[in-house]
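Residue-level listing of the chains:
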Amino acid sequence: MEDVNVLKLPVTEERQPAKKRTRPPKFDPKEEDQERQTNVKRLAGLGETDASVKLLEELLFGAEDELVDRLVEQQEEQTGASLVEDGSCDSEDQEPQDQVQTREPVWVDEDDELEEEVDMKHRYRRDLVRGEAESTMTNQRLQERMRQQFQKAMGGAPSWADANVKKKNADEEEDEEDEELLRRTGNFVASSDRLPSGVLRMKKCLHANSSRPSEDRLTTVQFHPSAQVVMTAGLDQSVSLFQVDGKTNPKIQSIHLERFPVHRAQFSRDGDTVIATSLKNKMFYLYDMMEGRVTPVHTVRGLNEARVKEFSVCPEGGALLLTGTNGYLHLLTLKTKEVVRSMKINGDVIGVAFSHDGSKVFVNSEDGEVYVWDMRSSRCVNRFTDDGCVKGTSIASSPNGQYLACGSQSGVVNVYSQEACLNSANPKPLKAVMNLLTSATSLTFNRSSEILAIASRAEDEAVRLVHLPSLTVFSNFPVSKRKIVYRASCLDFSPHSGFFSLANNKGHAPLFRLLHYKDF
């Protein structure tokens, strides 16, 4: 029995004698070179003898260059497919913002492709011409010119005209407005474009007719409806045109009418013709400014009047409303030089004024009654008495159709609401202007209907400018220190109220620049 407490020692194994390492054979360069040349010859022989194998490879895989190109294309397709798979989830949720869907026109007119020449001498296209050589223009060029003019007026292309601009919903617009409001600081009360009352900012300029003053009393001053030109006419038997720049006001042209002292001259509605009448003549003149031709009109068919003195140009153009005797008004067409119809009121006509759309005409009688006539039906649609008037002297209507002003011999000018004058038999004036002490002979509104100019030719410096929104008189016109205006017989504002001029008894046309208005 073995003893449990005895520890056994490991048995030592007998070691075998170590083997010697075999040394590698010595490297012989000559033998290595001979063996390499032998292998090259064998490979060359294999390529020559086994041509069928090479042909099979070209049939299966193509040439070596074609195989490389095909492998590169497969790699690119795999890369593009992986990119499409990665972005497919995003494209389902949100479309690219810069992708714009181009819409094809539903209908195309073949005539639009024709190179049609457009006449640029027409009055509606005259502002688009940049030189005398552009008498005609193609449709495509005219559209481009109109697009440039529109963008210039708008300060650039509007957002709704840009197809690349993506429409925003109401929530995004509100968010942008809120962010813009939070970015701004300071005074949020913007300055208004309305004409302020009290003091009228203005500057005295050189007389409009300084390059050719009249030798007698001026009876007419009027600005051209579209060009930067002013016309003067008077008892010196001449009609003159001047370019208005406020500095030199050079003369453009002057015509002399033999033995024809001009009582009234006025531009036609399109501004191409000047109509001039005298004091005691039935004849009147038509001056075509485009051709430089003066045409006398000796007789008018259907007109039984001893003289043609007062007239007004109809707003629709091509017709004159002549003031006759014994309360008659005659509608004359300039094309045929004949009277087409007549209207009559009680008493003598002292002034007429058209509504802003030309459908109605207000006729002021000498006894202070105002008649409202419908021009289409030639019927009197309303009649009222000028409040407090004993003898009427003048009448004028505002271009915006809001006001009607009536002047009287006492110097009082009543300003009415034009709507009340059309519908009420007893309208009350909004304001009675009592700043004139003599007969109110001239009334004129500016184009924005913010200023009413009133004057009397019976006294020097008897001119006032009324601020219509507040119905108050400007305190700084005319200047009381020295005489400038003298006795004014005609008043007018430029098309955009940038200038104000009047004709006086000294043969001058004082010119004033109204600084509130930026354009001519």
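A. Highlighting the nonpolar core. Core analysis: the biggest nonpolar cluster contains 20 residues, and Leu200, Ile451, Leu465, Phe477, Phe500 and Leu514 have the highest contact counts within it. At the level of secondary structure, the elements contributing two or more residues to this core comprise strand E25 (451-455), strand E26 (463-467), strand E28 (488-493), strand E29 (499-504) and strand E30 (511-514). Setting aside anything within four residues of it in sequence, one finds Phe477 in contact with Met202, Val463, Arg464, Leu465, Val485, Phe500 and Phe512. Among the nonpolar cores identified, the runner-up in size contains 17 residues, and Met231, Ala233, Ile255 and Phe267 belong to it.

B. Spatial organisation of the packing of aromatic side chains. Summed over the entire model, instances satisfying the criterion amount to 8 aromatic pairs. Measuring from centroid to centroid gives 5.8 Å for Phe223 and Phe520, while their planes differ by 75°, and the two rings are edge-to-face. In this pair, Phe223 is assigned in strand E4 (residues 218-223) and Phe520 in the segment after E30, connecting sequence segments 297 residues apart. Each member of the pair Phe223 and Phe520 is classed as buried. Taking the ring centre of Tyr328 as reference, the NZ or CZ of Lys344 above it sits at 5.7 Å.

C. Inspection of a negative patch on the surface at higher detail. On the surface, Asp28, Glu31, Glu32 and Glu35 cluster together into a negatively charged patch. One can find Glu32 in helix H1 (residues 29-49). The class of Glu32 is partly exposed, set by a relative accessible area of 34%.

D. Representation of empty space enclosed by the protein in the model. In this structure the tally under the stated criterion is 2 cavities of 30 Å³ or more. Size it by volume and the largest cavity reaches roughly 50 Å³. Every residue along the wall of the largest cavity is listed here: Asn209, Arg212, Pro213, Ser214, Leu218, Thr232, Ala233, Asp236, Ser238, Val239 and Ser240. Elements that contribute at least two residues to the lining of the largest cavity include exactly strand E5 (229-234) and strand E6 (238-243). In terms of residue count, E6 provides more of the lining of the largest cavity than any other element does, 3 residues in total. Of the residues contributing to the lining of the largest cavity, the split by class is 4 nonpolar, 5 polar and 2 charged. The computed volume of the second largest cavity comes to approximately 30 Å³. For the second largest cavity, the full set of lining residues is Val239, Ile255, Leu257, Val274, Ala276, Tyr285, Leu286 and Tyr287. Secondary-structure elements contributing two or more residues to the lining of the second largest cavity are strand E9 (273-278) and strand E10 (284-288). In terms of residue count, the dominant contributor to the lining of the second largest cavity is E10 (3 residues). Looking at the lining of the second largest cavity, its residues break down into 8 nonpolar, no polar and no charged.

E. Expanded view of the confidence of the model for the protein chain. When pLDDT is averaged across the protein chain, the result is 82; 72% of the residues are at 70 or more. In the model, residues 81-98 has pLDDT below 50 throughout and makes 0 contacts with residues more than four positions away in sequence or in other chains. Counted against residues more than four places away or in other chains, residues 184-191, with its pLDDT under 50, gives 1 contact.

F. Fine view of the sheet that holds strand E18 (residues 369-374). Here we have 4 strands laid out as an open sheet, ordered E16-E17-E18-E19, and antiparallel in their pairing. This sheet does not close on itself; its edge strands, each paired only once, are strand E16 (349-354) and strand E19 (379-385). Geometrically, the sheet is characterised by an average inter-axis angle of 20° between neighbouring strands, direction not taken into account. Alignment of E18 against E19, held across 6 bridges, turns out to be antiparallel.

The rules behind each value
Residues numbered from 1 in each chain as written. Predicted model: local features only at pLDDT ≥ 70, side-chain atom pairs only at ≥ 80, totals over all residues. Heavy atoms only, no water. Core = buried A, V, L, I, M, F, W, Y, C linked by side-chain atoms within 4.5 Å. Buried < 20%, exposed > 50% of the residue type's maximum accessible area, 1.4 Å probe, protein only. Helix = DSSP H or I, 4+ residues; strand = E, 2+ residues; numbered from the N terminus. Contact = heavy atoms within 4.5 Å. Phe/Tyr/Trp six-rings, centres within 6.5 Å; stacked < 30°, edge-to-face > 60°. Lys NZ or Arg CZ within 6 Å of the ring centre and 35° of its normal. Patch = residues over 30% accessible without salt bridge, like charges linked within 9 Å, V, L, I, M, F, W, Y side chains within 5 Å. Areas by Shrake-Rupley, 256 points an atom, 1.4 Å probe, with all protein chains shown as cover. Salt bridge = Lys/Arg side-chain N within 4 Å of Asp/Glu carboxyl O. Lys, Arg positive; Asp, Glu negative; His and termini not counted. Charge placed at Lys NZ, Arg CZ, Asp CG, Glu CD. 1 Å grid on protein atoms, 1.4 Å probe; cavity = no way out; pocket = protein on both sides within 12 Å on 5 of 7 lines; lining within 4 Å. Points joined across faces, edges and corners; volume = space filled by probe spheres on them. Nonpolar A, V, L, I, M, F, W, Y, C, P; charged D, E, K, R; others polar. pLDDT = per-residue confidence, 0-100. Pairing = 2+ DSSP bridges. Axes fitted to C-alpha atoms, helices over the stretch in contact; angles between N-to-C directions.

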